[in-house]
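# Tertiary structure, described
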Amino acid sequence: MSKMQNKQLNNGSIANDKTALFETTPVVKALLTMAIPTVVSQLITMIYNLADTFFIGLTDDPYKVAAASVVSILFFILTSLANLFGVGGGSLMSRLLGEKKQLDAKSVGVFSIYGSLVIAVIYSLLCLLFTEPLARLLGASNNTIGYASSYLFWVVVIGAVPATLSMTMSFLLRSAGYSKESGIGLAIGGVANIILDPLFMFVLLKPGNEVTGAALATLLSNVISLSYFLFVYYRLRGKTILSLSPKYIKIEKRYFIDILAIGLPSALTGMLANITHIIKNNLTAGYGDIEMAAYGIVQKADMLPLNIGMGLCQGMMPLVAYNYASKNYSRMKSFTVVAQVLGMIVAGVCILAFELFAPQITWVFIREKTTIAYGTKFLRIACLATPFMIANFQKIYCLQAMGKGKESLLLGILRQGLIAIPTIFIMNHFFALTGIVSAQLISDGITFIFSTIIYRNVYKKLIKNLKNSEDLEQNAN
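Quantities reported herein were computed from a predicted structural model and do not represent experimental measurements.

Calculation rules
Residues numbered from 1 in each chain as written. Predicted model: local features only at pLDDT ≥ 70, side-chain atom pairs only at ≥ 80, totals over all residues. Heavy atoms only, no water. Helix = DSSP H or I, 4+ residues; strand = E, 2+ residues; numbered from the N terminus. Rg over C-alpha atoms; globule rule 2.2 N^0.38 Å. Contact = heavy atoms within 4.5 Å. pLDDT = per-residue confidence, 0-100. Salt bridge = Lys/Arg side-chain N within 4 Å of Asp/Glu carboxyl O. Buried < 20%, exposed > 50% of the residue type's maximum accessible area, 1.4 Å probe, protein only. Core = buried A, V, L, I, M, F, W, Y, C linked by side-chain atoms within 4.5 Å. Patch = residues over 30% accessible without salt bridge, like charges linked within 9 Å, V, L, I, M, F, W, Y side chains within 5 Å. Areas by Shrake-Rupley, 256 points an atom, 1.4 Å probe, with all protein chains shown as cover. Lys, Arg positive; Asp, Glu negative; His and termini not counted. Charge placed at Lys NZ, Arg CZ, Asp CG, Glu CD. Axes fitted to C-alpha atoms, helices over the stretch in contact; angles between N-to-C directions. Parallel < 35°, antiparallel > 145°, perpendicular 65-115°, else oblique. Left-handed = near helix turned anticlockwise from the far one by under 90°. Nonpolar A, V, L, I, M, F, W, Y, C, P; charged D, E, K, R; others polar. Phe/Tyr/Trp six-rings, centres within 6.5 Å; stacked < 30°, edge-to-face > 60°. Polar contact = N/O pair within 3.5 Å; in protein donor to acceptor, adjacent residues only side chain to side chain.

On to the overall build of the chain. From N to C terminus, the chain includes 17 helices and zero strands. The C-alpha radius of gyration of the chain comes to 22 Å, within 12% of the 23 Å expected for a compact globule of 477 residues. Dimensions of the chain, computed from the C-alpha atoms along their principal axes, are close to 75 × 45 × 35 Å. Within the chain, contacts between residues separated by at least 24 positions form 84% of all contacts whose residues are at least 6 apart in sequence.

Set out below in structure tokens:
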């Protein structure tokens, strides 16, 4: 890209309106400006994910709850696919903005959107071809396969494109400094799903089709969310680096490699997380459908601290990436420290609430006594992993923001592959169902040790390299 073109783009609103947020706004204020809309949207997204389980649970049919729980993993894989270009492209966009390369950042953003479109279509076709085998693999039984297949068709096969594009565009908006618009888009989809769930499940469709109704509501809510993002991009066209024009798809080879260097580890980590969930669900399903339903409810409830933590990470990431690229390492570190403190406060409050009110929380999703008993026990164990999970996510996101693909990949493989999966089998062997639920606490606790060591080593190298470059400049002068 020519220097003249980049200079012209520097005069656009992205340079005037958002540069102060990245460079001079007080750290706490800047982080909250980016994180609050993201956290709110994450919470609303969580609520709409919970809405399916909640409304299906009103049928008091554990088979329907179990079906939605097992197949939801395939929907979460869409998040991993969105991360490939959303996190990879978004991280690179923020770093290019920090280097004042606006036009290159624009090309990366457009390329990321169309890349997400292609990969979503491929995933949709694969799920269409292998619907029942995938549902069985995830733990669907003869009692749940019909419900699971219907949910999978509408939410993933038909809904893959709007869901993936919505998440990718949300990442890119946030990376350019438009956290509020990013959060609103996800929130609109969440609110729409909450409204549409009971409408489709109990009004428009006949009794017995509640799972299909929930799936249709989720599909339509993602279409609404995507429509909003398309409108925002259209409104901002020509004023910012954000664009949908195909003429910007072509990017330099080194940028494509940079996107994959961060996006692939992020996507792979997400995939490994889903494989881990598949293993947990299969092992749990072996103990019975009611146990599976209870564990599915716990996974939904445990999303509260996780989504708040993820919102903090996603709000922090563009700020870290920008200041890393501009070599303002002290400001970069300040963002990570504040995010860590806030994350631990959230984790502590959630642990206290879950330990005290586990029966009531489980009761919200289903009224069946046996399921409530299992859910109460599982939730009180599962919530203890929250501080380690949030801390590990923050370090991985920081590494991704800095473009440290190898280090983030290593942590992702350690957390979800080399540590988590063996831990699940070992804990299941010695402690049965309780061991499966406890595995997350053990694996994330071990990962925390490695993530702390790796992150500290990376930061020390940054400071050392900065000092050496300053010494060279002083000697040259």
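Picking up after the structure, the text goes on.
With that settled, consider the confidence of the model for the chain. When pLDDT drops low, the exact placement of atoms in the prediction is not to be read closely. Mean pLDDT for the chain: 84, with 94% of residues reaching 70 or above. Across the chain, helix α8 (residues 160–175) holds the top mean pLDDT of 92, while helix α1 (residues 3–10) sits lowest at 46. Low confidence marks residues 1–16, where pLDDT is under 50. Its contacts with residues over four positions away, or in another chain, come to 34 contacts.

It is worth spelling out the pattern of salt bridges at this point. Oppositely charged side chains may form a pair once their charged atoms are brought near each other. Enumeration over the complete set of coordinates arrives at five salt bridges. A salt bridge links E23 to K100; the nearest nitrogen and oxygen atoms lie 2.8 Å apart. Taken together, the positions of E23 in helix α2 (residues 13–23) and K100 in the loop between α4 (62–98) and α5 (102–129) put the pair 77 residues apart, joining distant regions of the chain. With relative accessibility at 35%, the residue K100 sits in the partly exposed group. When the shortest N-O distance is used, the salt bridge between R415 and D444 registers 2.6 Å. Neither residue differs from the other here; R415 and D444 are each classed as buried.

With that settled, the discussion passes to the nonpolar core. Within soluble globular proteins, side chains that are nonpolar tend to cluster in buried spots. Core analysis: the biggest nonpolar cluster contains 70 residues, and M93, L173, L242, M316, M332, F335 and M402 have the highest contact counts within it. Among the nonpolar cores identified, the runner-up in size contains 58 residues, and A51, L81, A215 and I366 belong to it.

Glancing now at a positive patch on the surface. Residues K180, R235, R237 and K239 make up a contiguous surface patch of positive charge. Structurally, R237 can be placed in the loop between α10 (210–236) and α11 (253–285).

Looking now at the environment of L418. Tracing the backbone shows L418 in helix α17 (residues 405–476). Here L418 falls in the exposed class, since its relative accessible area comes to 58%. Residues L418 and S225, spaced 193 residues apart in sequence, show a C-alpha to C-alpha distance of 36 Å.

In this section: the packing of helix α14 (residues 329–365) against helix α16 (residues 386–401). Following both chains from N to C, one finds α14 and α16 inclined at 160°, their axes separated by 9 Å at the closest point. Taken together, the axis directions place α14 and α16 in an arrangement best described as roughly antiparallel. By crossing handedness, the relation of α14 to α16 is classed as right-handed. Within the contact between the two elements, α14 uses T336, A339, Q340, G343, M344, A347 and I351 and α16 uses T386, P387, I390, A391, Q394, K395 and C398. Of the residues contributing to the contact of α14 with α16, the split by class is eight nonpolar, five polar and one charged.

Turning our eyes to something else, we now look at the packing of aromatic side chains. Enumeration according to the criterion identifies nine aromatic pairs in this entry. An angle of 70° between the planes, with centres 6.0 Å apart, marks the rings of F85 and F111 as edge-to-face. Of this pair, F85 sits in helix α4 while F111 sits in helix α5; the two residues are 26 residues apart in sequence, bridging distant segments of the chain. The same class applies to F85 as to F111, namely buried.

Mapping T336 onto the fold places it in helix α14. We classify T336 as buried; its relative accessible area is 2%. There is a polar contact of 2.6 Å between the side chain of T336 and the backbone oxygen of K333. Every residue in contact with T336, bar those within four places of it in the chain, is listed here: M316, V320, C398 and Y455.

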